[in-house]
Amino acid sequence: MSFDINKGIHLTCFFGMGLSYYAYVVETTKEHDESYVAMCDISEHMSCSKAFMSSYGKGFGIARHIFGEDSILNQPNSLGGMLFYCVLIGLNFVCNVWATKLMLVLAAVSNLLSVYLAYILYFILYDFCVVCVSTYGINLINFLLIIVKLRRLSRHKDCGPQLRSARKKRN
């Protein structure tokens, strides 16, 4: 049985999109209502709000130093995540090596950012964020799926069942 790699990538991107959207809702709600307690705020050291509301929750903690606290580029990390997953979904519809290599670069960068944010979460904030760690896992799975897709494309020049059925219809 062959696994349709494109469906796997889409599925993980949709999960990532859902987690990013949830993170955005929690962060923006907490900004307007300090008494708000999110479902993912389990204890003092197991809190997503603590991570989202930290100085690292916007612009990865870097943009504010470069562009300033009030810069349009200093946005919540969750918005970057939603954009990232949308771009991956769009590129995943393009069945060629170039688009897949671009996906691989984007996924590699997302994993580097995940390692950076995981370090901050554990060693600086002394926190465990279920939403954050789940996102790191999704990024890793996406990276591995994209590697498999690139290998299949490089060997077979084939993206899976969708492409085969489209080729049959044209002929």
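The rules behind these values
- Residues numbered from 1 in each chain as written.
- Predicted model: local features only at pLDDT ≥ 70, side-chain atom pairs only at ≥ 80, totals over all residues.
- Heavy atoms only, no water.
- Disulfide = S-S within 2.5 Å.
- Buried < 20%, exposed > 50% of the residue type's maximum accessible area, 1.4 Å probe, protein only.
- Phe/Tyr/Trp six-rings, centres within 6.5 Å; stacked < 30°, edge-to-face > 60°.
- Helix = DSSP H or I, 4+ residues; strand = E, 2+ residues; numbered from the N terminus.
- Expected span 1.5 Å × (residues − 1).
- Contact = heavy atoms within 4.5 Å.
- Salt bridge = Lys/Arg side-chain N within 4 Å of Asp/Glu carboxyl O.
- Polar contact = N/O pair within 3.5 Å; in protein donor to acceptor, adjacent residues only side chain to side chain.

Description of the state of the cysteines
Going through the model one piece at a time under the given rule, you end up with two disulfides. Here C40 connects covalently by a disulfide to C48, the sulfurs 1.5 Å from one another. The chirality of the disulfide connecting C40 with C48 is right-handed, given an S-S dihedral of about 45°. Pair check on accessibility: C40 and C48 agree, each one buried. Paired by a disulfide, C129 and C132 hold their sulfur atoms 2.4 Å apart. With the S-S bond torsion at 75°, the cross-link from C129 to C132 turns out right-handed. Look at C132 and you get buried, because its relative accessible area is 12%. Between C13, a cysteine without a disulfide, and C86, which holds the nearest cysteine sulfur, the sulfur-to-sulfur distance is 8.9 Å.

Focus: the packing of aromatic side chains
Under the counting rule described, the total for this entry stands at three aromatic pairs. Plain terms: the ring middles of Y119 and F123 are 5.0 Å apart, the flat faces sit at 40° to each other, and that makes the pair tilted. Of the two residues, Y119 and F123 are both situated in helix α5 (residues 97–124); the distance of four residues between them amounts to about one turn of the helix. On the accessibility criterion, Y119 (46% relative accessible area) is partly exposed. For F123, a relative accessible area of 46% gives the class partly exposed. A centroid spacing of 4.8 Å and a plane angle of 90° characterise the contact between Y122 and F123, whose relative ring orientation is edge-to-face. Ring pairing ties together the aromatic residues Y119, Y122 and F123, which thus form one cluster.

Observations regarding unusual backbone geometry
The phi dihedral of F60 is positive, around 55°, even though this residue is not glycine. Summarising the element assignment, F60 is placed in the loop between α2 (48–52) and α3 (63–67). Under the relative-accessibility criterion, F60 is labelled partly exposed at 24%. Of note, the phi angle at Y126 is positive, near 50°, even though the residue is not glycine. Inspection of the secondary structure puts Y126 in the loop between α5 and α6 (130–156). By relative accessible area, which is 57% here, Y126 ends up exposed.

Things to note about α6
The terminal C-alpha atoms of α6 lie 39 Å apart, and with 27 residues this matches the ideal 39 Å at 1.5 Å per residue to within 8%. Turning to α6, the residues buried within the fold contact α1 (5–32), α2, α4 (77–92) and α5.

Concerning the pattern of salt bridges
Under the defined criterion, the tally for this structure stands at one salt bridge. Residue E31 pairs with K58 through a salt bridge whose shortest N-O separation is 3.1 Å. Of the two residues, E31 sits in helix α1 while K58 sits in the loop between α2 and α3, which places them 27 residues apart along the sequence. On the accessibility criterion, E31 (37% relative accessible area) is partly exposed.

Here's the deal with the side chain of S54
Summarising the element assignment, S54 is placed in the loop between α2 and α3. Of the polar contacts made by the side chain of S54, one reaches the backbone oxygen of A51; its length is 2.9 Å.

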